[in-house]
Amino acid sequence: YQRRVHGDNRQFNKYNRKMDHIEFSDVLTIMGFATLTTAIAEFALWIMIYRKDEYKILKKNIESMTNKLNKQKEQQVSISQQKAHEKKTNQTESQLKAFNQEMTSFRMKATLLIGCLLYTSPSPRDS
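Below is a short write-up of the structure. Every chain is numbered independently, its residues counted from 1 as its sequence is written. Given that the model is predicted, a residue must reach a pLDDT of at least 70 before its local features are reported, and side-chain atom pairs must reach 80 or more before they are shown or counted; all residues, however, enter totals for whole chains, interfaces and linings. Note that the side-chain values use all heavy atoms of the structure and ignore hydrogens as well as water.

**Points about helix α2 (residues 24-50)**
Applied cut-off: Numbering of helices and strands runs from the N terminus; a helix is a DSSP stretch of H or I covering at least four residues, while a strand is a stretch of E covering at least two. To estimate the expected span of a helix, subtract one from its residue number and multiply by 1.5 Å. Note on contacts: a residue pair is in contact if any heavy atoms of the two residues lie within 4.5 Å.
Here α2 contains 27 residues, and its C-alpha end-to-end distance of 37 Å stays within 8% of the 39 Å for a straight helix at 1.5 Å per residue. The elements touched by buried residues of α2 are α3 (53-74) and α4 (82-120).

Below, the structure written as structure tokens:
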């Protein structure tokens, strides 16, 4: 693919030659920085979220509420008990929604902090 601008290819070819020569060491450096920052971010997430008891309790609550909701939805009820059953199902859904919102809030705080840290960290382009 060559682009001709009024018959003069000198400027395009000058930039094209720079892009043709990419060092293997540059690729390895970029891959190394990407791997390192990912490892740092995952470690920070583990420290700030996954190892905490609050996260573990929330996770158990969400799993138990999900199982309870699935059992309620699969349960067959008579017409006379249908309103009470729908009320229980709606109550369980609202509890599950509240737990999910709490989990999202819990994760978002840590994710924003890690994003700010990674954004301000040195990168290969700075060197």
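**Brief notes about the packing of α2 against α4**
Which entries qualify depends on this criterion: Between N-to-C directions, angles cover 0 to 180 degrees, with each direction set by a line fitted to C-alpha atoms, over the stretch in contact for helices. Left-handed is the label given to a crossing in which the near helix is rotated counterclockwise from the far helix by less than a right angle, and right-handed is the label when the rotation is clockwise. Ten residues, namely Ala, Val, Leu, Ile, Met, Phe, Trp, Tyr, Cys and Pro, are considered nonpolar, four, namely Asp, Glu, Lys and Arg, are considered charged, and the remaining ones, Gly among them, are considered polar.
As a packed pair, α2 and α4 sit with axes 10 Å apart at the nearest point and diverge in direction by 145 degrees. Viewed along their axes, α2 and α4 form a crossing whose handedness is right-handed. On α4, the residues touching Thr 37, Ala 41, Ala 44, Leu 45, Met 48 and Ile 49 of α2 are Phe 106, Arg 107, Ala 110, Thr 111, Leu 113, Ile 114 and Leu 118. Looking at the contact of α2 with α4, its residues break down into ten nonpolar, two polar and one charged.

**Observations concerning the nonpolar core**
Counted only if it meets this: What makes a nonpolar core is a set of buried Ala, Val, Leu, Ile, Met, Phe, Trp, Tyr and Cys residues whose side-chain atoms join them at distances within 4.5 Å. Only protein chains enter the area calculation, which uses a 1.4 Å probe; residues under 20% of their type maximum are buried, those over 50% are exposed, and those in between are partly exposed.
Ranked by internal contacts, the top residues of the largest apolar core, which has 14 residues, are Leu 45, Ile 49, Tyr 55, Leu 96, Met 103 and Ile 114. Those elements that place two or more of their residues in this core are α2, α3 and α4. Ignoring anything within four residues of it in the chain, the contact list for Ile 49 reads Tyr 55, Phe 106, Arg 107 and Ala 110.

**Here's the deal with the packing of α3 against α4**
Here is the rule: Orientation is classified from the angle alone, with under 35 degrees giving roughly parallel, over 145 giving roughly antiparallel, 65 to 115 giving roughly perpendicular, and any other angle giving oblique.
Look at α3 against α4: their axes get within 9 Å of each other, and the N-to-C directions meet at 155 degrees. As judged from the angle between their axes, α3 and α4 are roughly antiparallel. Taken as a pair, α3 and α4 cross one another with a handedness that is left-handed. Residue composition of the contact of α3 with α4, by class: nine nonpolar, eight polar and eight charged.

Just distances and angles here, no functional claims.
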